[in-house]
Amino acid sequence: MDWAKQGDGLGVDGVVDAAGISATLKTAMQIVRPAGWISKVGWGQQPMDFSLDPIVAKNVRLQGSFSHNWPIWERVLRLLGTGKLDVQPIVGGIWPIAEWHEAFEKMHSGAIAKAVLKP
């Protein structure tokens, strides 16, 4: 996660966590800068086994967001469009839409975090 400390070394301004697993919040807390923000869009079935104290220590704003909240999707799309958000590390594969069932099974089994479907 050295990339998150580039620039002034304090971390990234904000994190959009839409991975769908609880453990990614821990990573988000590690890479966000003091007085930054985390928007938790995806949620997971597994309970968290770590402290939320770093949010308090860094004065980080944590916001939950239902995935169908349009302003959050606009922000994510803008970040994707500008290249400031790289989702490649969480994408477990790309499937043709006709093979959606296989992609969903891989996510359901926990083998991957995210699948991309293409026409």
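None of these values were measured; they are calculated from a predicted model. (Residues numbered from 1 in each chain as written. Predicted model: local features only at pLDDT ≥ 70, side-chain atom pairs only at ≥ 80, totals over all residues. Heavy atoms only, no water.)

Participant: Any details on the pattern of salt bridges? Residues and values, ideally.
Facilitator: Working definition: two side chains of opposite charge can pair if their charged atoms are close together. Enumeration according to the criterion identifies three salt bridges in this entry. For the salt bridge of arginine 33 with aspartate 8, the shortest nitrogen-to-oxygen distance reads 2.5 Å. With arginine 33 in strand β2 (residues 32–40) and aspartate 8 in the segment before β1 (12–17), this residue pair connects regions lying 25 residues apart in the sequence. For arginine 33, a relative accessible area of 17% translates into the label buried. The salt bridge involving lysine 40 is made with aspartate 17; its shortest N-O contact spans 2.9 Å. (Salt bridge = Lys/Arg side-chain N within 4 Å of Asp/Glu carboxyl O. Helix = DSSP H or I, 4+ residues; strand = E, 2+ residues; numbered from the N terminus. Buried < 20%, exposed > 50% of the residue type's maximum accessible area, 1.4 Å probe, protein only.)

Participant: Which residues make up the side chain of arginine 33, and what values do they have?
Facilitator: Of the polar contacts made by the side chain of arginine 33, one reaches the side chain of aspartate 8; its length is 2.5 Å. Apart from residues lying up to four places away in sequence, arginine 33 is in contact with Asp8, Leu10, Gly11, Val12, Asp13 and Val60. (Polar contact = N/O pair within 3.5 Å; in protein donor to acceptor, adjacent residues only side chain to side chain. Contact = heavy atoms within 4.5 Å.)

Participant: Pulling in residues and values, what's your account of the nonpolar core?
Facilitator: Ala4, Val15, Leu25, Ala28, Met29, Ile31, Val32, Ile38, Phe50, Ile55 and Val60 form the largest nonpolar core, which has eleven residues in total. Listing elements by their share of this core, those giving two or more residues are α1 (24–31) and β2. Looking at this core element by element, the count peaks at four residues for α1. Residue contacts for leucine 25: discarding those within four places in its chain leaves Asp17, Ile38, Lys40, Met48, Phe50, Leu52 and Leu62. (Core = buried A, V, L, I, M, F, W, Y, C linked by side-chain atoms within 4.5 Å.)

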